[in-house]
Amino acid sequence: MDTIYALSSAPGRAGVAVVRISGPQAFAAVRALTGKPTPAARRAVLCRLRDPQSGGELDQAIVVAFPAPHSFTGEDVVELHLHGGRAVLRAVVEALAAQRGLRPAEPGEFTRRAFENGKLDLTAAEGLADLVGADTEAQRVQALRQLGGELGTLYDGWRGSLLRTLAHVEAHIDFPEEDLPSGLVAQTKVELLRLQRELSAHLDDRRRGERLRDGVSVAILGAPNVGKSSLINTLAGRDAAIVSAQAGTTRDVVEVHLDLAGYPVIMADTAGLRNASDEIESEGVRRALARAESADIRILMFDATALHAVDAATTALVNDTALVVINKVDLVAAGRDMTLGGKAAFAVSARSGGGIEELVGALTAAVVAQVGIRAEPVLTRARHRHALEECRQALARASAAEAVELLAEDLRLAVRAIGRITGRVDVEDLLDIVFREFCIGK
Ligand SMILES: Nc1nc2c(ncn2[C@@H]2O[C@H](COP(=O)(O)OP(=O)(O)O)[C@@H](O)[C@H]2O)c(=O)[nH]1
Ligand SMILES: [Mg+2]
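Notes on the structure follow. (Residues numbered from 1 in each chain as written. Chains lettered and ligands numbered in written order. Predicted model: local features only at pLDDT ≥ 70, side-chain atom pairs only at ≥ 80, totals over all residues. Heavy atoms only, no water.)

Some thoughts on the side chain of Ser 229
Relative to the helices and strands, Ser 229 resides in helix α9 (residues 228-236). Here the side chain of Ser 229 touches Asp 269 through a polar contact of 2.5 Å, side chain to side chain. Not counting the four nearest positions on each side in its chain, Ser 229 is found in contact with Ala 241, Ile 242, Val 243, Thr 250 and Asp 269. (Helix = DSSP H or I, 4+ residues; strand = E, 2+ residues; numbered from the N terminus. Polar contact = N/O pair within 3.5 Å; in protein donor to acceptor, adjacent residues only side chain to side chain. Contact = heavy atoms within 4.5 Å.)

Topic: the pairing of strand β4 (residues 57-66)
β4 sits mainly inside the fold: seven of its ten residues count as buried. Sheet topology places strand β3 (residues 45-50) next to β4; six bridges connect them, and they run antiparallel. Note on β4: the bridge partner recorded for Leu 49 is Asp 59. Linking two consecutive strands that pair antiparallel, namely β3 and β4, is a turn of six residues; a positive phi of about 80° is found at Gly 55 within it. (Buried < 20%, exposed > 50% of the residue type's maximum accessible area, 1.4 Å probe, protein only. Pairing = 2+ DSSP bridges.)

A few points about the pattern of salt bridges
All chains considered together, the criterion is met by 31 salt bridges. One salt bridge connects Arg 424 with Asp 156, and the closest N-O pair in it is separated by 2.7 Å. Remark: Asp 156 occurs in helix α6 (residues 150-174) and Arg 424 occurs in the loop between α14 (404-422) and α15 (428-436); sequence separation between them is 268 residues. On the basis of relative accessibility, which here comes to 43%, the residue Arg 424 falls in the partly exposed class. Where Glu 283 meets Arg 286, a salt bridge forms, and the shortest distance between an N and an O atom there is 2.9 Å. (Salt bridge = Lys/Arg side-chain N within 4 Å of Asp/Glu carboxyl O.)

With respect to the sheet that holds β3
In space, the six strands of this open sheet follow the order β3-β4-β5-β2-β1-β6, with mixed pairing throughout. The open sheet has two edge strands, β3 and β6 (102-104), and neither has a second partner. Neighbouring strand axes in the sheet, compared pairwise and without regard to direction, differ in orientation by 30° on average. Taken together, the five bridges between β4 and strand β5 (residues 77-83) define a ladder with antiparallel strand orientation. From the neighbouring strand, Ala 65 faces β5, where its bridge partner is Val 78. Of the strands in this sheet, β1 (3-7), β2 (16-22) and β6 are in contact with helix α3 (residues 109-116), which crosses β1 at around 135°. (Axes fitted to C-alpha atoms, helices over the stretch in contact; angles between N-to-C directions.)

With respect to the nonpolar core
In terms of nonpolar packing, the biggest core is built from 30 residues, with Leu 231, Met 267, Ile 299 and Leu 363 touching the most fellow members. At the level of elements, β7 (216-222), α9, β8 (254-260), β9 (263-269), β10 (297-303), β11 (323-327) and α12 (356-371) are the ones that each hand at least two residues to this core. The element best represented in this core is α12, accounting for seven residues. If we ignore the near neighbours within four places in the chain, the residues touching Ile 299 are Val 218, Ala 219, Ile 220, Leu 221, Leu 231, Met 267, Leu 323, Val 325 and Leu 363. In terms of nonpolar packing, the next biggest core, distinct from the first, is built from 27 residues, Leu 166, Cys 391, Ala 394 and Val 415 among them. (Core = buried A, V, L, I, M, F, W, Y, C linked by side-chain atoms within 4.5 Å.)

Topic: the site of ligand 1
Close contacts around ligand 1 come from 18 residues, with Asn 225, Lys 228, Ser 230, Asp 330 and Arg 351 the closest. Note that an oxygen atom of ligand 1 is positioned 3.1 Å from one of the backbone N or O atoms of Ser 244. Taking 580 Å² as the accessible area of ligand 1 by itself, protein coverage stands at 90%. Top contributing element to the shell around ligand 1 by residue count: α9, with three residues. Class assignment of the residues belonging to the shell around ligand 1 gives a composition of seven nonpolar, seven polar and four charged. (Near = heavy atom within 4 Å. Areas by Shrake-Rupley, 256 points an atom, 1.4 Å probe, with all protein chains shown as cover. Nonpolar A, V, L, I, M, F, W, Y, C, P; charged D, E, K, R; others polar.)

Re helix α10 (residues 279-294)
With 16 residues, α10 ought to run about 22 Å at 1.5 Å a step, and its terminal C-alpha atoms sit 23 Å apart, in line with that. Turning to α10, its buried residues number three or more, namely Glu 281, Gly 284, Val 285, Ala 288 and Ala 292. What you see down the axis of α10 is that its buried residues fit within an arc of 100°, all on one side. Set apart from the buried face of α10 by more than 90 degrees, the exposed residues are Glu 279, Ile 280, Arg 286 and Glu 293. (Expected span 1.5 Å × (residues − 1). Arc of directions from axis to C-beta.)

Points about the sheet that holds strand β14 (residues 346-347)
Spatially, six strands are ordered β8-β9-β7-β10-β11-β14 in an open sheet, and the strand pairing comes out mixed. Pairing within the sheet leaves two strands with one partner each, and these edge strands are β8 and β14. Where β8 lies against β9, seven bridges are found, and the strand directions are antiparallel. By the bridge assignment, Val 254 is partnered in β9 with Asp 269. Strands β7, β8, β9 and β10 of the sheet are contacted by α10, whose axis makes an angle of about 135° with β7.

Spelled out as structure tokens, the structure:
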């Protein structure tokens, strides 16, 4: 087994940089740099690091040794807390590279070793990747729960009950002459129904966890010039989109990432909906409508000065989750009817900021309704969903099976499918995909 090393903190200049070394040669490598015995387990010790060849001083560092198996990877691990300058890092890494049996780690390799040594299951490894990637508070909470083993425990629990059921059924096949408790098959089917119900409830989550991980998509739609780009700029607090009195300025979809009360939102400004005169603008309108289709939440915008001519293209997009907004209320007298398409509208002025707070409050509530953190665990990846669907189908077939051999076969498939999520079975093909997520700065 190679000993691997890598910079574990972010690249670039910093107060402190952490280099991690893992593998059988880790302690020897550090002894070569310090000229002293390996520090006591898990104690931070200040050491002078020297180049073993020239004897020249490299840095003064804090060295922490984690003897196997009580380390992140389960192997001998050393952390070098260096001064975070580029030249320091280069000098130390060169001194490590010169030692026998050491090589730079591949992306995700530390976590992969941790998985292979049973330190974490695949869902926890994914939780770790999500935690490192979390931009908002709710993403952090979800990732930390997954890292803590919440999903893994749920899936292992289901797998455990399936394995017990399978054992009972197999006993029936192997020893048909022995008397098994009567009604075993009936009892099995009751158990399978219970599991199918639990799986269905878990799967029927409207992709909450996945959408929280990716960000909730919100599209701003409306006729040209109603103030869509002005609104997105007001919300983003910067000029993300071009605002112009000339209709048809926004032609492509412009996205900004917002953090609403800890929830990630990807807000899209779109081209105004109208019969466009040129080809590029028509393509913009086509993309706007496509975005309206795929968005989790639509903000439909109207111009307060043009309410006499109701904009049919935008009105047609009103749905359950849409927020209707009437903009430019600074230009009209107060006290007007503020309903549109049968929905109460938010009266705002993107220019003065009037009404924006109420709109943001309503949008935040809509986001929380869709992806808000809940007490029960949620799946966070299409990978989980596919495997659980496969498991559910196998259970449905098992429930309908006439022959005990067929029942057992479908149970085996169900156990396999669920075992793949936590990495209990055939995951070789999966590992590269899962651990590639750890390329920080991807
Ligand atoms: N008076 C007023 N003008 C606005 C308001 N919001 C946008 N505008 C103006 O309306 C024009 C079109 O705005 P823009 O954001 O480009 O609209 P879009 O085509 O829907 O993206 C620009 O001249 C803006 O300055 C508002 O709340 N009040
Ligand atoms: Mg625009």
